[in-house]
Each structure stands twice: as structure tokens, then as C-alpha cells.
Amino acid sequence: MPDTLALDDSAPTFDEQLPPAIRVRGYWQSVLYRLRHDPVTLCFGAIVLLIVLAAVFAPLVAPFDPYKESIIGRLKPFGWRGHLLGTDELGRDMLSRLFYGARISLLMGIVPVATAALIGGALGVVGGFAGGRTNTAIMRTMDVFYAFPSVLLAVAVAGAMGGGIGNGMLALTLVFIPPMCRVVETATTQLRALDFIEAARASGASTVTIIRYHVLGNVLGPAFIYASSLISVSILLASGLSFLGLGVQPPAADWGLMLSTLRQSIYVVPLVCALPGMAIFVTSICCNLVSDGLRAAMDVRM
Amino acid sequence: MSRPAICATRCRATAGWGGREMIANPGAPLAEVRDLRVRFVTREATLHAVNGVSFAVAAGEVLCILGESGSGKSVTLRALLRLLPPRRTRIEGQVTIGGADVLAMPARALRDLRGGLVSMVFQEPMTALDPVYTIGQQIGETVRRHTGCSRRAARARALELLELVRIPSPARRLDAYPHELSGGLRQRAMIAMALSCEPRLLLADEPTTALDATVQVQLLILLRRLQQELGMGMIFVTHDLGVAAEIADTVAVMYAGRIVESGPAAAVLTAPAHPYTAGLLASTVHGQRPGEDIDAIPGSPPDLRALPPGCSFAPRCSRRFAACRTTIPDPRVPAPGRMAACLAIPADG
Amino acid sequence: MNSLLLDTPATDPRDRGGRNQPLLIARDLLKHFPVSGARGKKVQAVDGVSFTVLKGETLGIVGESGCGKSTLARLLLHLLVPDRGELVFDGDPVNAPHGIAVDALRRQVQMVFQDSHASLNPRMPVRDSVAFGPFVRGTAKPAARVIARDMLKKVGLDPDLFGPRYPHELSGGQKQRVNIARALATGPRMVILDEPVSALDKSIEAQVLNLLRALKRQFNLTYLFISHDLNVVRHISDRVLVMYLGRVVEIGPAEAVFERPQHPYTQALLASRPSLDPARRILEPPITGDPPNPIDPPAGCRFHTRCPFAEMVCETTDPAPVAAPELSSHVASCHLRDPLSGHSRLGRA
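Note that this is a predicted model, so its numbers are computed, not measured.

What counts and how
Residues numbered from 1 in each chain as written. Chains lettered and ligands numbered in written order. Predicted model: local features only at pLDDT ≥ 70, side-chain atom pairs only at ≥ 80, totals over all residues. Helix = DSSP H or I, 4+ residues; strand = E, 2+ residues; numbered from the N terminus. Rg over C-alpha atoms; globule rule 2.2 N^0.38 Å. Buried ≥ 20, exposed ≤ 12 C-beta atoms within 10 Å, placed from the backbone. Contact = placed C-beta atoms within 7 Å. Nonpolar A, V, L, I, M, F, W, Y, C, P; charged D, E, K, R; others polar. pLDDT = per-residue confidence, 0-100. Expected span 1.5 Å × (residues − 1). Arc of directions from axis to C-beta. Axes fitted to C-alpha atoms, helices over the stretch in contact; angles between N-to-C directions. Parallel < 35°, antiparallel > 145°, perpendicular 65-115°, else oblique. Left-handed = near helix turned anticlockwise from the far one by under 90°. Domains from an automatic or database assignment. Pairing = 2+ DSSP bridges. Core = buried A, V, L, I, M, F, W, Y, C linked by C-beta atoms within 7 Å.

A. Quick peek at the overall build of chain C. The helix and strand inventory of chain C stands at 11 helices and 12 strands. The globule rule puts the C-alpha radius of gyration for 349 residues at 20 Å, and the 21 Å found for chain C is close to it. Principal axes of the C-alpha set define a box for chain C whose edges measure 70 × 55 × 50 Å. Within the span of chain C, comprising 349 residues, buried residues form 51% of the whole. Long-range contacts, defined as pairs at least 24 residues apart, comprise 64% of the intrachain contacts of chain C with a sequence gap of at least 6.

B. Inspection of the interface of chain B and chain C at higher detail. Each partner contributes residues to the interface: chain B has 35 residues there, and chain C has 36 residues. Contributions of two or more residues to the side of chain B that touches chain C are made by helix 8 (183–195), helix 9 (213–230), helix 10 (241–247), helix 11 (265–270) and helix 12 (275–283) of chain B. It is helix 9 of chain B that provides the largest number of residues to the side of chain B that touches chain C, a total of six residues. For the side of chain B that touches chain C, the residue count by class is 17 nonpolar, 14 polar and four charged.

C. Structural view of the interface of chain A and chain C. Contacts between the two partners involve 29 residues from chain A, matched on the other side by 42 residues from chain C. The element best represented in the side of chain A that touches chain C is helix 8 (residues 195–202) of chain A, accounting for seven residues. By residue class, the composition of the side of chain A that touches chain C is 15 nonpolar, nine polar and five charged.

D. Representation of the confidence of the model for chain C in the model. All names here are of chain C. Confidence in the prediction for chain C averages 88 pLDDT; 96% of positions are at 70 or higher. Counting interchain partners and residues more than four positions distant, the pLDDT-below-50 stretch residues 1–9 has 10 contacts. For this predicted complex, the interface confidence comes out at an ipTM of 0.83, alongside a pTM of 0.84.

E. How the structure looks around unusual backbone geometry. Note that the residue after A:Pro250, namely A:Pro251, is joined by a cis bond; omega there is 10°. The residue A:Pro251 is located in the loop between helix 9 (207–243) and helix 10 (255–262) in this model. Here the phi dihedral of B:Arg82 falls at roughly 55°; this positive angle occurs in a residue that is not glycine. Relative to the assigned elements, B:Arg82 resides in the loop between helix 2 (73–80) and strand 4 (89–97). For B:Arg82, a count of 17 C-beta atoms within 10 Å corresponds to the partly exposed category.

F. Local environment of helix 2 (residues 39–56) of chain A. All names here are of chain A. Helix length check: helix 2, at 18 residues, gives a terminal C-alpha distance of 25 Å against a target of 26 Å (1.5 Å per residue), a fit within 8%. Of the residues making up helix 2, those classed as buried are Thr41, Phe44, Ile51 and Ala55. Down the axis of helix 2, the smallest arc covering the buried residues is 90°, so these residues share one side. Within helix 2, the exposed residues directed more than 90 degrees away from the buried face are Pro39, Ala46, Leu49 and Leu50. Lining the buried residues of helix 2 we find helix 1 (27–36), helix 3 (58–61), helix 4 (94–130) and helix 11 (270–298).

G. Molecular detail of the packing of helix 3 (residues 126–136) of chain C against helix 6 (residues 172–184) of chain C. Residues and elements named next belong to chain C. At a closest axis distance of 7 Å, the pairing of helix 3 and helix 6 adopts a crossing angle of 25°. One finds that helix 3 runs roughly parallel with respect to helix 6. In terms of crossing hand, the pair formed by helix 3 and helix 6 is right-handed. Contact with helix 3, carried on its side by Val126, Ser129, Val130 and Gly133, involves Val178, Ala181 and Arg182 of helix 6 and no other residues of that element.

H. Expanded view of the domain arrangement of chain C. Residues and elements named next belong to chain C. On domain assignment, one finds that chain C holds domain 1 (3–7 + 22–244) and domain 2 (266–337). A C-alpha centroid distance of 28 Å is found between domain 1 and domain 2. Contacts between the two partners involve 14 residues from domain 1 and, on the opposite side, 11 residues from domain 2. Residue assignment for the side of domain 1 that touches domain 2 shows that the elements contributing at least two residues are strand 2 (42–53), helix 8 (230–236) and strand 9 (239–244). Among the elements that line the side of domain 1 that touches domain 2, the one with the most residues is strand 2, at four residues.

I. Focus on the sheet that holds strand 9 of chain C. Residues and elements named next belong to chain C. Reading across the sheet, the eight strands line up as 6-7-8-3-9-10-12-11 and stay open at both edges, with mixed pairing between neighbours. The sheet terminates laterally at strand 6 (109–112) and strand 11 (321–324), the two strands that pair on one side only. The average undirected angle you get between the axes of adjacent strands in this sheet is 20°. Looking at chain direction, strand 3 (residues 58–62) and strand 8 (residues 222–227) are connected through five bridges and run parallel. Bridge pairing in strand 8 links Thr58 to Tyr223.

J. Examining the pairing of strand 4 (residues 84–89) of chain C more closely. Residue and element names in this part refer to chain C. Relative to strand 4, strand 1 (residues 24–34) is paired through five bridges, and the arrangement is antiparallel. Bridged to Leu24 within strand 4 is Phe89. Bridge count for strand 4 against strand 5 (residues 92–93) is two bridges, and the pairing is antiparallel. By the bridge assignment, Phe89 is partnered in strand 5 with Asp92. Connecting the antiparallel pair strand 4 and strand 5 is a turn made up of two residues, with Asp90 showing a positive phi of about 50°.

K. Here's a closer look at helix 12 of chain B. Within helix 12 of chain B the residues assigned to the buried category are B:Pro275, B:Tyr276, B:Thr277, B:Gly279, B:Leu280 and B:Ser283. Check the buried side of helix 12 of chain B and you find it contacts helix 10, strand 9 (250–255), strand 10 (258–264) and helix 11 of chain B together with helix 7 (202–219) of chain C.

L. View of the nonpolar core. Membership of the largest hydrophobic core comes to 270 residues, with the highest contact counts inside it found for A:Met180, B:Cys64, B:Ala192, B:Ala244, B:Val251 and C:Leu224. When neighbours within four sequence positions are excluded, B:Ala244 is seen to be in contact with B:Cys64, B:Leu66, B:Thr238, B:Val251, B:Ala265 and B:Leu269.

Here is the structure:
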């Protein structure tokens, strides 16, 4: 009995080999290919990258000390004595404060979302895969939290715990756990009905093994896209918390806090006072658009 | 069996675009396609779905386009009504239905054509029917769009049509939603919708593929009867030789976007001239000696994004020779009334 | 375990009970699904099914949609737990105190699913999907990869060319080969094939059927082949079982069931096959109506609503399985064949 049975239907029956028509491309390579050819996403991604770099290297790129006050240099317009973006109500350099503020905003944007993705994702996978009563228990609990408007919930939790960065991040994490859980649970439930999960069960794999090798890889995509879209929301909410005084305390540089303190001075130098708001807006919308681009790129036809 | 009573109002389409030309020139074919080429262009690759297809269908004739997945048969059918996604698709060639040039038609005339002179039945009735409207409402909508008659008249016409397609308890089924009907009944409802304006040409894209064998045979017999009674031409796309044998007058076999053989059904299906048709026939499981290997065609269909030069079937053909790899075979005549695009058939002078 | 993947000798070390003991016995399997929303109603998917599978044979199971054959396949692997009934694998009751555990059953029985695309993890390269079975059973990853390479070669796919590919880059036929490789990678004795070729083109279908037959010889397998295509079942099966609405209506050697069908449903199914000859078309549908809903099936003989020979006794009493007089292994459940039933057409149908 020959070792190779049946006809190899891959190799052509010509004498010479036909060149392979399409390069073998994995999933992530397809994603990268699509991203490379998506100028809009690349452009906004570059802006996000710049903001991140400015935040990370703030001590090196900031022209002035963000905490150095100056009585005569208060509320000065663009370009006054080297202050490219003017000064705030205590004479501190706006550009430097914006750079330092980026750190906190980005931190409070990414960390709560990442934590919520982990916790919510785990709950979603467990609920989605287990089905039945476990699923109902988890999802209905999530629904209770989902019922609260996110701003209200964030303010209530942060306020009850007394404000500050840590409590703010905790509050935001709590806000984002239910939607992450729901997205992951939906993806897992859809996956559970597919034949390859049955085939894995028929091969004798335990539930944990199936989740590890089959579920996670497929659920990661939608979870990642959704989480990236939450980052922009998180930045907004974090700024809102700081604006209300529930975030960092002065004299720390934080965009929301800056907005709050510059509010009264808006008739004096309107452009300077609008800057923190602009920063929040630009960061948030660029994150949002990059997330959209990622969704389009990762939605590869399978 | 007598012709069923028809709604008095004439359909705009048959009186408009197609009717006049056809009356003027009764010998002309009902539908004619010349050198149709369809490409789908995406960022990553260009897919050559249809590569020079030409055929003609006479009034009252049933043409069956036979082919496997990737042969381009469904794309050809959809191109006849310009149902392909406009941005990605590039269509070249000529499509004439009832004397009118479909590819050059303005949008409004095209809308009159669809459902009026030409109608289409799809493979998956569950997705082709709107789940939130009843059958009666959907058929009525088509009737009203093309004739402009009242709701009551449209409902009466819908009932008439359900009776025509032999749906049991038609009055009750008028108010049924698609999900309440079985697959076979949904398909009959779709045929009823397609026939609502007495089309001269019916396009059918694998309408029985998703159905069980016993339901399929009922539907094929129904379609054959309706086609004969109403005198429609029909273009029926399928991958099943048995279905083609049951319904076709003429058969056109497609492979990799080209027609490789065509001719009367009996001739093509019992004595094929092209090696692909012969291979299809031999590999269809039908009465071979059990326990013995089936004569399968080796290899797989080519990637439409990168067609081999020369004859697209050559890599899998047992009768190929050197010229097959370089020259695309031209249509040749193995017998009167038949065509086969194969270099092994002598070209007549 | 790796040694089992080479040419398996005729005497399998896992064999208990010798050639004559059936490999699988199913007794009165029952599975009803509650209908969500309608209390008290149940989908009677499998309703008292009994049969045996002999070692080394191919048992074909035919039936139309809604007959319960896919549910039955899942019951045999305990992917669904039967509500009633028992399974005996090579003499050991399954999931019973002194019998064989479900996990051990799944080492000896594997399944190939119908949807070749949904059966593969879209994020896993094909060779990892094939290696997953042995890996989960305790084989180290490198050794599992070697097994996967070997299996891919055995199903006719070049492991270097296809191993790193993802499912969406493969054609339907290639994906199904991968599924077969995956099922065989753990070295089972029996493979349940749930409509393995239904979604494939006819020419690829022939290739895969030839492959399945060759693999069966090489690995000394037993097959349970489920399909709605009678021609395919006839070709590959030694014995055939016909299901209708959750019940077995006929079972026997393939040649007997196909040449001398005893049950009217089998006769109708056989008559519904297209002839492949345009000169011999089916003129009247052998059976009317659609396969009924498994929720609230008809009382008595389930087929009586569509049976041309139905009488009072058919509406009230369940027919008992009766062996054909000339062949005791050919059994049909029909009042026409039962001398005790009182049917008026006994012996004449």
C-alpha cells in the first residue's frame, strides 16, 4: 500500500510547478497589510503616537518647569517670551503643562480599560462558555451596573471613595467592566455554536484547554477592537472627573483640572483657555479614529 | 391545462422596453450575451470571474448553465440584471434582453426591467424574502410596483399566483411570514413573486440546491410546467447534472469563467465533447459499481485571481497536449448545433 | 499510540470480543429538545432509534432534513446526552458504571462534521488544528506536529505547502481533507461522517469519496456515513439505514434496500433521484408535500400523512420492524410488510 494515497490536489499535474498565486498570509499579516494601505488611520495613528511620545518624554521635551509660577506672566497669549502656547492663570507654561497632563490623561485612559478588559473579558468568557444559569447570573449582574449612565457611575464611585488618581481609575474600571463583559460574552456564545468547538470536545479536550486554544484566540479580536474604542471614552470621563475635582489635586498638571481652573479666564485669553479642551478633544478623537481603522483592518474576510 | 386568469392591467415593463422590439423582430433571441467579461477589483487582487461568455436564449427555451463553484455561473446570471456590487465590479461586453442593451440602460429603465420583463429566483429563500413582511405583502408589493394597481387587486393577484405555484391552503399562506413556511414552500412563494408580472425570461440561481430531494423534484416539475404554460424563457444555473437533465433544453458548461461546451441537453449530457464535461459526468456518483473508485477529475479549479495561460482546464485534463498550455481554445463545432472550446476537436474550415 | 497510525494490522490490540461482536449497538436512543417559548412542546429529534454497526463495515444513514440524523451522530459521541436509551461500544456500555467512559469512547470514535469551514478554528494554522487531538491526549507538541504532518500527507495534502495555511486560504475540498486528517490523527477505530461531501463540488466529492475508501482500508476503520444523497450512500455503504422524522423506517444491506425497497418512503426517495438522462425525465413527483415538522409529529406511523398507501391502521398504530421474507437482515417498519397489521394491501404493494 503506497504511503501517499489519493491525488495530491495541491500540486498541479504539469511538469513544471506553477508559481503560487497568492502569498500565504497569516491573519495578523493581513491586518498589517490593510493598515499599511489605510492612510487615514495611519495619519491619526501618527498623531496618537506623537502624543504618547510627548507624554513619555515630557521631562525631556517640556521647555519650562510645569510647576514654576510667575506673577507677572499670568494669562499671557501665544509666543510671549518663549512660551509657545502662553501661560495659565498662575503664570505656568501651558505647553509644558499640556505635556505633563498628557501623562495622566493617557494613564487614566488606558489603565482602566486594560483592567476592565481583563476582568470583564474573563467574566464574559466564563459566562459565554458555561451558558445556562452561570451565564444568566453573570450577565444580569452586569446589567445592573450597565443601567447606570457611565458618567454618573464614575462620579458616584470616585466621589464616594474620595477622589484622587487611584480612586478615579478604580471608578472607571468599574464603569467599563460591564460593556467589555457583554462584548466578550456575545463573541464566546457565537463561537460555542461552531463546529470546531464540538470537534475539540470530541477530541477529548477539557473545557480549559478549549478556552485556551480555541476561544481566546478568536475572542481577542473583537475584545481588542472594542477596548480600543473605549480608550477615547475613558480619556473623556477621566477629564470629566478631574474637572469636577475628583481626580488629581492641584498643583498637578492634568487637562481636566486645567480646564476647570482656566474656566474663569476665558474672556482674557480665550485661545489659551481652550487649549486643554482641545487637547482632550484631539486625543480622544484620534484614539477613536484609530480604533475604527483597526476594526476595519481586523475585520478580514474569513 | 388552461392558462390561469390574468390580472387585467398590463405590466408596464412588457408594454414598454421589451414588448415593442420583440414584436418587431420575432426571430431575434430573447436574451443574447456577447463576450461578457466581469472582473472584481479589490486592493489586494483582481478576480477574473467571467472571461468572455457568449450565448443566446430563444423565447420559450430553457438554458441550463452548468458549473461548479468558482466557474462564474452565478456572476454571469447576476450580470444580466446588473445585480453585482457597482464599485468593485467591471463589466465589459454586450447583454441584450428583449432587444434592449442592459449594460447601457439608465437606472429607471433597469428597475422596470427587473421583475417586469426579467425575473429572478434565488438559491436561499430565507435570505431572499424579507422576514418582517408576509408573503402576500411581498408579492403584492412587486405587483403594485410594476402595474400600479390597488392593494385589493394586488392581493387577489397574489392569491392567484400562490395557486399557480400549487401552495396548499393559499389563502391562509398569504398572511404567513417566511419563517413560518418550510423551505419548499418558501421557494414556491419566491417563484410566485418572480412570476407576478409575467416575465418573458426567468433567471434561476440554483433554486433547488438547498432543498431535499423529494422537494427538489416537485419544484423542478413545477418549474418545467410553469415554463411551458407561460411560454417563458429560462436560464437555470446549477452544479447538479441531474437537475440539468431534468429541466434543460440546452446546456452550457462553464469552467473558470468561460463556456467550455454547449449544445442540446441530451447530446451534451450523454455524449460530452469537452474533457471537463466528460470528467464531470464520470465523477458524478450515479450507478457506478459500489466498492470501486470513482473516476475523479484530479486537482482543483484554478484560482480566479491568477488564471493559467492557455486553456484553464489544461492542468487537470487527461487529454492535454503542448498547445493547450499556451493557446486559449476557440469555440469549435464537434457536431451541428453544438460547441466545445477544446483544441483536441478539429476546427472546421 | 503513535504506532496505531502506521498500517494498522487486522487485529487491533484494542479489540474486545472479536470480529463478530458489533462495534456499536444503539438501543432505543431518544432525544427530545424543548421548544423555547412553547411550553410542553418538544422537538422529537430522535425518537427510539436502534441499530448495530458491525466491525469493518460502512453503515450509511439517509434521510431528509429534520429526520434527526445529525442529532443521532452527536448522540453516538455523547456530544449530546441521550434522554433515554443506551449505547454499547464493543461490548462495553457507554457511560455506565462497569462500561466505557465517554472520554475513552472518544479515543476510539471520531467525527467529521458537515460544515468544513466551521469545523476549523479560523485563527489556527491547519497543521495545529490537526495536531490538536494528539496534543490534548498527552502527546508532546513536537511529536504531535510530526503526527499532523504524516496525516496531512495521508489525505493527499503536501504538509509543507498546506501546513502553515489558515482555513480561509483553502478550498472546500482541501478543508474537508484537513477535517478527515484531524479525525484520524488520534487513531480512532470508528469515524462518524456527518454529510462530509454534501457541500463540495461534484468533482471534489468523487476525490474525497475515493480518499475515504482508501483510508478505511489502510487504517482498518469502521464508518458511519450520514448523507441525504442516495447515490453517494449507495456507492460507499455496505448497509443502509433510512430515517424519517426521528425513527428508523428501513435498514438492510445496501443492495437489498436500493434494489428492493420495502418501505414506501424509501421507494419515494429512490424515485426522486434525477435520472441524468434528458430522455427519461421524472414526470410526476413521487411524493407530495414537505417533510413535516419534528415538533408534534403525526400519530401512528409518522409517514402516513404523505404515504400513498396510508390507511386507518397507519394513523393509529406504530408499525413494528418486520424482516423481509427473503433476507432476514433487511428490516422495514411498515404495516404493508407486517402480516399482523391488517392492512388491506398486504403483500401486494
